[in-house]
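One-letter residues, chain by chain:
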Amino acid sequence: MLYIFNTHSPEGTLKPPELFCQLVSGSPHQEVQPHWFFCRRADDNTSWLPFSREDSDKLQNKEEVVVAVDGERYDVYVKERRRHAVYWEQGPTEVRRCTWFYKGDKDTRFMPYPEDFSKSLEEAYMIAVTLDEWNRKLEFPTGETVILHNPKLIMQYQPIGLQDEWASSPSEQTRPRTVKRGVDNISVEIPDGEPEKVDHLVFMVHGIGPACDLRFRSIIQCVNDFRSASLSLLASHYKRAQQDGQVGRVEFLPVNWHSSLHGDATGVDEDIQRITLPSISKLRHFTNDTLLDLFFYNSPTYCQTIVDTVASEINRLHTLFNQRHPEFKGAVSVVGHSLGSLILFDLLTNQRTDSDPRKGVPSDEPFHRNCDTLEQTLTRLGLQQYLETLQAENLDLESLALCQDSDLKDLGIPLGPRKKILNYVKRKWLPESLGLTMQQPQFHRAQSITSAVDYEYFDVGIGQVSIEYPQLAFHPQTFFAFGSPIGMFLTVRGLKQVDPNYTFPTCKSFYNIYHPYDPVAYRIEPMIVSDVDLEPMLIPHHKGRKRMHLELKDSLTRMSMDLKNNVLGSLRTAWQSFARLPVAALPPAESSGSAEEMEQPEIKVGMLNGGRRIDYVLQEKPIESFNEYLFAIQSHLCYWESEDTALLLLKEIYDKLGVAFEQPQQ
């Protein structure tokens, strides 16, 4: 039982709270307004964060056992006081209905008391207000003491040596803590609620390793930051459209494939660990967990695992999102960072349109590749013209799998088709037909429609690992690549040029976005338009202008050009005066104006982005321009917090919806 003492009472009479219930009616006591918080634990640090006012009100006025919060990305099980993630794996976190808060000397923010502790404080506060008696002392069975000096001064004291679970350090146990009633009396930033209407859905695929930035945060945390940036930009750059109900929000969902590749199912980590040297263990662990993903992607076995995981995870998230948002009628886009962009590029290259001969096969129907006939196999490879040639030699799949390259060459089949046939047949048919054991990925193979590599629009093929590419359950509207090595990989695969007429079968827009100092990023446009030296498109700063140091650089360039022109003009005049002979007028030198001042002629850069520009470069920050090597790694990881990048995505998305952005006044 909680005991309440009036420190001014000579008798020190015990006054249980229930004795004062009859005084509540008509008293000046006003009920405290609760606000709901959730717990976040990271690196042995526990913090409590408030829900938005809209979500808090839903929880307070709960009529359901489960309440969807945070844009319906989390469900709160109210009775259990637990918050569960909907779209990704994450342990449940505690939620509280909070009314009383405390803060120690070294605490940076107020922390909420447990609900039972807050209830006791509220009862004591009600008595003090009702009787107008202060300097009341509350003693709790756990040893804490709270003194209500007056309505604005309430302190918590702890006995020396008491192990307090709320303490930040042992030295703080003897120091009093400030106690506040109600969320309105503490300094806490309550987030704005998200619009209910979702206009567009975006899936974001990470690159190598489990961490996505220099703070070693997961893809979930980084996508959360990107989503928050987009919400802020919608409020500032689409303010009027939001007020008119034209704009809701864009939902961004993370796609995690690293955990499946490095999980127990593949056993690859154990295999690698057995051959890893014991020296420089931390560096080798980083290499095994991160850099090796590049090599795994070039392995047929693990490339199949990665691609299957990405496709099935995107399809799973897409289905789950539509179940939770049945009113959603918007389009869907995909984003890939680093290696994730290459995965999406290969995946989108091998999608099939509605006119595909396999149209109508449900996505959950398994594809039995080894039951195919020779004709079906050649049809899948797009090599039907060689069916009669092979049948004339009485070749079936079994005998074809035993053929050498020279055998098919003798039949007059060109090199490219020979390689495709032999690679496909031997990898897909021979191991099982001869009773050989071959490790195959076990992830989601029965949930996807698969297809062979499509070489139609490339000079020598795009050199992808020969695997079966699953099909997405939708046609992406736009593919955004962040810090992408696509151009480098295509070149290393032997591709010299991308046909200007090539476009992804099911995705008609493609943006290659990069930071100028990103060591992993490569351009795409020079592979399409090789005869024109095109500068990349400069991504505008989200505040509506070039960064100041870039404007200064342009100004200095113009000044130097003007000075050069003036010198040339003076020399020309002097020469004319000296020679007394007429000379042809020198062509005026063009000043190098900024991108905003110069009208660039419209250039059609192939069809990957519908004839529009593809390469877009961010503006480096002033501090980054001092040493580009120092900020190289950070530049590769900057996209998740880049407002300029987020605004480019929003502009592309809402331009297609006929909603123009408005530049806010500075």
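Above this note sits the structure.
Worth saying up front: this structure is predicted, and the values here are computed from it rather than measured. (Residues numbered from 1 in each chain as written. Predicted model: local features only at pLDDT ≥ 70, side-chain atom pairs only at ≥ 80, totals over all residues. Heavy atoms only, no water.)

S.K.: Which residues make up the sheet that holds strand β7 (residues 93–98), and what are the values?
M.R.: Two modes of strand pairing occur in sheets, parallel and antiparallel, and in both the strands are linked by backbone hydrogen bonds. The strand order across the open sheet built from six strands is β3-β2-β7-β6-β5-β4, with neighbouring strands paired in antiparallel fashion. This sheet does not close on itself; its edge strands, each paired only once, are β3 (45–50) and β4 (66–69). On average, each strand axis in the sheet is inclined to that of its neighbour by 30°, with strand direction left out of account. Looking at chain direction, strand β5 (residues 74–77) and strand β6 (residues 82–85) are connected through four bridges and run antiparallel. Looking at β6, one finds that Tyr 77 is bridged to Arg 82. (Pairing = 2+ DSSP bridges. Helix = DSSP H or I, 4+ residues; strand = E, 2+ residues; numbered from the N terminus. Axes fitted to C-alpha atoms, helices over the stretch in contact; angles between N-to-C directions.)

S.K.: Can you break down a nonpolar patch on the surface residue by residue, with the values?
M.R.: Side chains of Ile 280, Leu 283, Phe 286 and Leu 291 sit close together on the surface and give an oily, nonpolar patch of about 370 Å² of accessible area. On the accessibility criterion, Ile 280 (51% relative accessible area) is exposed. (Patch = residues over 30% accessible without salt bridge, like charges linked within 9 Å, V, L, I, M, F, W, Y side chains within 5 Å. Areas by Shrake-Rupley, 256 points an atom, 1.4 Å probe, with all protein chains shown as cover. Salt bridge = Lys/Arg side-chain N within 4 Å of Asp/Glu carboxyl O. Buried < 20%, exposed > 50% of the residue type's maximum accessible area, 1.4 Å probe, protein only.)

S.K.: Summarise the environment of Lys 651; cite the residues concerned and give the values.
M.R.: Mapping Lys 651 onto the fold places it in helix α19 (residues 643–656). Using a relative accessible area of 33% as the deciding quantity, one classes Lys 651 as partly exposed. Once the C-alpha coordinates of Lys 651 and Tyr 238 are considered, the two residues, 413 residues apart in sequence, prove to be 9.8 Å apart. When residues no more than four places from it in sequence are discounted, the contact partners of Lys 651 are Tyr 238 and Phe 661. (Contact = heavy atoms within 4.5 Å.)

S.K.: Pulling in residues and values, what's your account of the nonpolar core?
M.R.: Counting 108 residues, the largest nonpolar core has Phe 203, Val 310 and Phe 479 as its most contacted members. Top contributing element to this core by residue count: helix α8 (residues 300–324), with 10 residues. The contact partners of Phe 203, leaving out residues within four places of it in the chain, are Leu 253, Val 255, Ile 314, Leu 317, His 318, Val 332, Ser 333, Val 334, Val 335 and Phe 474. Formed by 26 residues, the second largest nonpolar core is a distinct cluster that contains Tyr 113, Leu 138, Val 183 and Ile 190. (Core = buried A, V, L, I, M, F, W, Y, C linked by side-chain atoms within 4.5 Å.)

S.K.: I'd like a description of the sheet that holds strand β21 (residues 537–538), backed by residues and values.
M.R.: The strand order across the open sheet built from seven strands is β15-β14-β16-β19-β20-β22-β21, with neighbouring strands paired in parallel fashion. A strand with exactly one partner marks an edge of an open sheet, and here the two such strands are β15 (249–255) and β21. Across four bridges, the pairing between strand β16 (residues 331–337) and strand β19 (residues 479–482) is parallel. Looking at β19, one finds that Val 334 is bridged to Phe 479. The sheet contacts of α19 involve β14 (198–205), β15, β16, β19, β20 (510–514) and β22 (615–617), and relative to β15 the element is tilted by about 120°.

S.K.: Before we move on, could you go through the pattern of salt bridges and cite the residues and values that matter?
M.R.: Going through the model one piece at a time under the given rule, you end up with 25 salt bridges. Between Arg 136 and Glu 133 there is a salt bridge whose closest N-O contact spans 2.8 Å. We classify Arg 136 as buried; its relative accessible area is 0%. The residue Arg 316 makes a salt bridge to Glu 313 at a minimum N-O spacing of 2.8 Å. Of the two residues, Arg 316 and Glu 313 are both situated in helix α8; the distance of three residues between them amounts to about one turn of the helix. Judged by relative accessible area, Arg 316 falls into the partly exposed class, the value being 36%. Here Glu 313 falls in the buried class, since its relative accessible area comes to 17%.

S.K.: Give a detailed account of the environment of Glu 525, specifying residues and quantitative values.
M.R.: Counting through the fold element by element, Glu 525 comes out in the loop between β20 and β21. By relative accessible area, which is 1% here, Glu 525 ends up buried. Between the C-alpha atoms of Glu 525 and Pro 500, which are 25 residues apart in sequence, the distance is 9.8 Å. When neighbours within four sequence positions are excluded, Glu 525 is seen to be in contact with Leu 534, Val 605, Arg 613, Ile 614 and Asp 615. Polar contacts involving the side chain of Glu 525 include one to the main-chain amide nitrogen of Ile 614, which spans 2.7 Å. (Polar contact = N/O pair within 3.5 Å; in protein donor to acceptor, adjacent residues only side chain to side chain.)

S.K.: Can you tell me about the side chain of Asp 346, naming the residues and giving the values?
M.R.: Mapped onto the elements, Asp 346 comes out in helix α9 (residues 339–349). When its relative accessible area of 1% is taken as the criterion, Asp 346 is described as buried. Within the structure, Asp 346 has its side chain in polar contact with the side chain of Tyr 297 (distance 2.6 Å).

S.K.: Run through the packing of aromatic side chains, naming residues and quoting values.
M.R.: Describing an aromatic ring pair means giving the distance of the ring centres and the angle of the ring planes. Scanning the entire structure with this criterion turns up 25 aromatic pairs. On the basis of an interplanar angle of 55° and a centroid distance of 5.1 Å, the ring pair of Phe 38 and Phe 51 is categorised as tilted. With a gap of 13 residues between them, Phe 38 in strand β2 (residues 35–42) and Phe 51 in the loop between β3 and α1 (53–60) connect regions that are remote in the sequence. With respect to burial, Phe 38 and Phe 51 carry one shared label: buried. Connected via pairs of aromatic rings, a cluster forms that spans Phe 345, Phe 479, Tyr 502, Phe 504 and Phe 510. Here Arg 83 stacks its cationic end above the ring of Phe 38, 4.0 Å away from the centre of that ring. In this structure, Arg 83 packs its charged tip against the face of Tyr 74, placed 3.6 Å from the ring centre. (Phe/Tyr/Trp six-rings, centres within 6.5 Å; stacked < 30°, edge-to-face > 60°. Lys NZ or Arg CZ within 6 Å of the ring centre and 35° of its normal.)

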